[in-house]
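Single-letter residue listing:
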Amino acid sequence: MLMNVLRVVLVLISLVLIVVCTIISSKNQADAGSAFGGASSDNYFSKNKSASKDVQLNMVMKVFSILLVILSVVMVMIQG
C-alpha cells in the first residue's frame, strides 16, 4: 500500500518536473529569438517581472528535483 502511494507521488513529481523544464526551455528559446531583432521591451518592470518568474520556476525545479531524488532513495530502501 505504501509503495503504491509513493509510486503515485513519484509520477506526479516527475510530471511537474517535465512541465517546468518545458516551460523553462520554451522561455529560453523565446529570449534567444528576441536577441536577433525580435520585439523587446526595455522597460524596468517587464524585465524584473520576467526575472522573478524565472527565479520561481528555477526554485520549483530545484525543490522537485530534490524531492524526486529523496523519494527514489526512500523507495529503494523500503523495497530492499
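Provided above is the structure to which this section pertains.
Attention here is on the structure that accompanies the text. (Residues numbered from 1 in each chain as written. Predicted model: local features only at pLDDT ≥ 70, side-chain atom pairs only at ≥ 80, totals over all residues. Heavy atoms only, no water.)

### Overview of the overall build of the protein
Inference 1: Along the backbone of the protein there are two helices and zero strands.
Inference 2: Residues classed as buried in the protein amount to 11% of the 80 residues present.
Inference 3: A separation threshold of at least 6 residues defines the contact pool for the protein, and within that pool the share at least 24 residues apart is 94%.
Inference 4: For the protein, the exposed surface amounts to about 6100 Å²; the carbon and sulfur share of it is 71%. (Helix = DSSP H or I, 4+ residues; strand = E, 2+ residues; numbered from the N terminus. Buried < 20%, exposed > 50% of the residue type's maximum accessible area, 1.4 Å probe, protein only. Contact = heavy atoms within 4.5 Å. Areas by Shrake-Rupley, 256 points an atom, 1.4 Å probe, with all protein chains shown as cover.)

### Notes on the nonpolar core
Inference 1: Of all hydrophobic cores here, the largest spans six residues; its members are Met3, Leu6, Ile13, Leu17, Leu71 and Met75.
Inference 2: Contributing elements (two or more residues each) for this core: helix H1 (2-35) and helix H2 (44-79).
Inference 3: A total of four residues in this core trace back to one element, the largest contributor, which is H1.
Inference 4: Dropping the residues within four chain positions of it, Leu6 is found in contact with Leu71, Met75 and Ile78. (Core = buried A, V, L, I, M, F, W, Y, C linked by side-chain atoms within 4.5 Å.)

### What to know about the environment of Lys27
Inference 1: Within the secondary structure, Lys27 is located in helix H1.
Inference 2: According to the relative accessible area criterion, Lys27 is partly exposed, its value standing at 24%.
Inference 3: Put simply, Lys27 and Asp54 are 27 residues apart on the chain and 8.8 Å apart in space, counted from C-alpha to C-alpha.

### Section: a nonpolar patch on the surface
Inference 1: Residues Leu2, Ile66, Ile70, Val74 and Ile78 make up a contiguous nonpolar surface patch of roughly 440 Å² in combined accessible area.
Inference 2: Here the nonpolar patch takes four residues from H2, the largest share from any one element.
Inference 3: Structurally, the position occupied by Ile78 is in helix H2.
Inference 4: The partly exposed category is assigned to Ile78, whose relative accessible area is 42%. (Patch = residues over 30% accessible without salt bridge, like charges linked within 9 Å, V, L, I, M, F, W, Y side chains within 5 Å. Salt bridge = Lys/Arg side-chain N within 4 Å of Asp/Glu carboxyl O.)

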